[in-house]
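Close look at the chain arrangement
One letter stands for each residue in the lines below.
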Amino acid sequence: RDDEDINDVASMAGVNLNEESARIMATNSDLVGTQIQSCKDEPFLAAIPLHKRILEMAKKLGITDVPAEVVTFISHATQNRLRTVIEKVTVITQHRMESYKDDEWYEQATDVRSQLKFFEQLERLEKQRKDEQEREILLKAAKSRSRQEDPEQARLKQKAKEMQQQELAQMRQRDANLTALAAIGPRKKRKLDSPGLLTIGGEGLSISGGSQAGLGTPSSRQYARQKITRVNLRDFIFYMEQERETSHSLLLYRALLK
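The paragraphs below set out a description of the structure included in this document. (Residues numbered from 1 in each chain as written. Predicted model: local features only at pLDDT ≥ 70, side-chain atom pairs only at ≥ 80, totals over all residues. Heavy atoms only, no water.)

**As for the packing of helix 6 (residues 112-143) against helix 7 (residues 151-184)**
This is how the line gets drawn: Simply put, an axis is a line fit to the C-alpha atoms, just over the touching stretch for a helix, and the angle between two N-to-C directions goes from 0 to 180 degrees. Secondary structure elements follow DSSP: runs of H or I of four or more residues count as helices, runs of E of two or more count as strands, with numbering from the N terminus. If an angle is under 35 degrees, it is roughly parallel; if it is over 145, roughly antiparallel; if it lies from 65 to 115, roughly perpendicular; otherwise it is oblique. Here a crossing is taken to be left-handed if its near helix is turned anticlockwise relative to the far helix by less than a right angle, and right-handed if that turn runs clockwise. Only heavy atoms matter for contacts: two residues are in contact if any of them lie within 4.5 Å across the pair. Amino acids are sorted into nonpolar (Ala, Val, Leu, Ile, Met, Phe, Trp, Tyr, Cys and Pro), charged (Asp, Glu, Lys and Arg) and polar (every other residue, Gly among them).
Contact geometry of helix 6 with helix 7 gives a least axis separation of 8 Å together with a crossing angle of 115°. With respect to their mutual orientation, helix 6 and helix 7 come out roughly perpendicular. Helix-helix and strand crossings are classified by hand; for helix 6 and helix 7 the assignment is left-handed. Contacts between helix 6 and helix 7 involve Glu 134, Arg 135, Leu 138, Leu 139, Ala 141 and Ala 142 from the first element and Gln 153, Leu 156, Lys 157, Lys 159, Ala 160, Met 163, Gln 164 and Glu 167 from the second. Grouping the amino acids of the contact of helix 6 with helix 7 by side-chain chemistry returns seven nonpolar, two polar and five charged.

**Quick notes on the pattern of salt bridges**
Where charged atoms of side chains with opposite charge meet at close range, the side chains can pair. Condition: For salt bridges, the criterion is a side-chain nitrogen of Lys or Arg within 4 Å of an Asp or Glu carboxyl oxygen. For each residue, the accessible area found with a 1.4 Å probe, counting protein chains only, is set against the maximum for its type, and the residue is called buried under 20%, exposed over 50%, and partly exposed in between.
Within the structure shown, the criterion is met by six salt bridges. Its salt-bridge partner being Lys 88, residue Glu 243 comes within 3.1 Å of it at the nearest N-O pair. A residue pair is termed long-range when its members are at least 10 positions apart, and Glu 243 in the loop between helix 8 (233-242) and helix 9 (250-257) and Lys 88 in helix 5 (residues 68-97) qualify at 155 residues. Under the relative-accessibility criterion, Glu 243 is labelled buried at 14%. Glu 126 is paired through a salt bridge with Arg 129; the nearest N and O atoms lie 2.4 Å apart. Residue Glu 126 and its partner Arg 129 are located together in helix 6, separated by three residues, close to a single helical turn. On the basis of relative accessible area, Arg 129 is assigned to the partly exposed category, the value being 40%.

Here it is, written out as structure tokens:
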């Protein structure tokens, strides 16, 4: 008896459980047996066109009546399926966009970009060497003073003259650009981190502390851009190849042919 009194914490605190239960039931008596929903159950797809499509498919199987609950259920199932597909494809895209350059556990084995730049530089040097050879030939043809000239020699002289005129025009254009830049003066870079500079829509608006005293102390605000995940056809093909339902589907083969 003493042990029961000691373990009865509610009695020691002066709380009568029977009275509290009766009071709770009396307060929520109007909610007993009712169904509460947080929001309206709205179908994901348009009900009328979906119902017609389901009826067309059901008539082929000998079904003439499809209740509205079936349409709602199929609509919710479609929404859930689409959400699952989007989530999985998004994960695949994020894995594709990950960069492992700064990871200490990865070591770069090949650098295709540097190799392509090297080959482009070789092609540029080869083209420059050929242009220099052609230029020397044209200059020699332009300096020749032979009285009897063949048509090929005349053509080379004309081409050399055009080349000299083009080089002269390029030099004049370069000198004009340098003169204009010297007249403008050095360009000052806009400081985005300086106080009083607010960036809105890619443009900077300078706010001085004296004239805008009513707005409070000017401070730099940086608006982070929303990260956009761009899913391409290759990501979706990879998803279909991994899924059992679509790994041998006609849709996958059509996507591979594009």
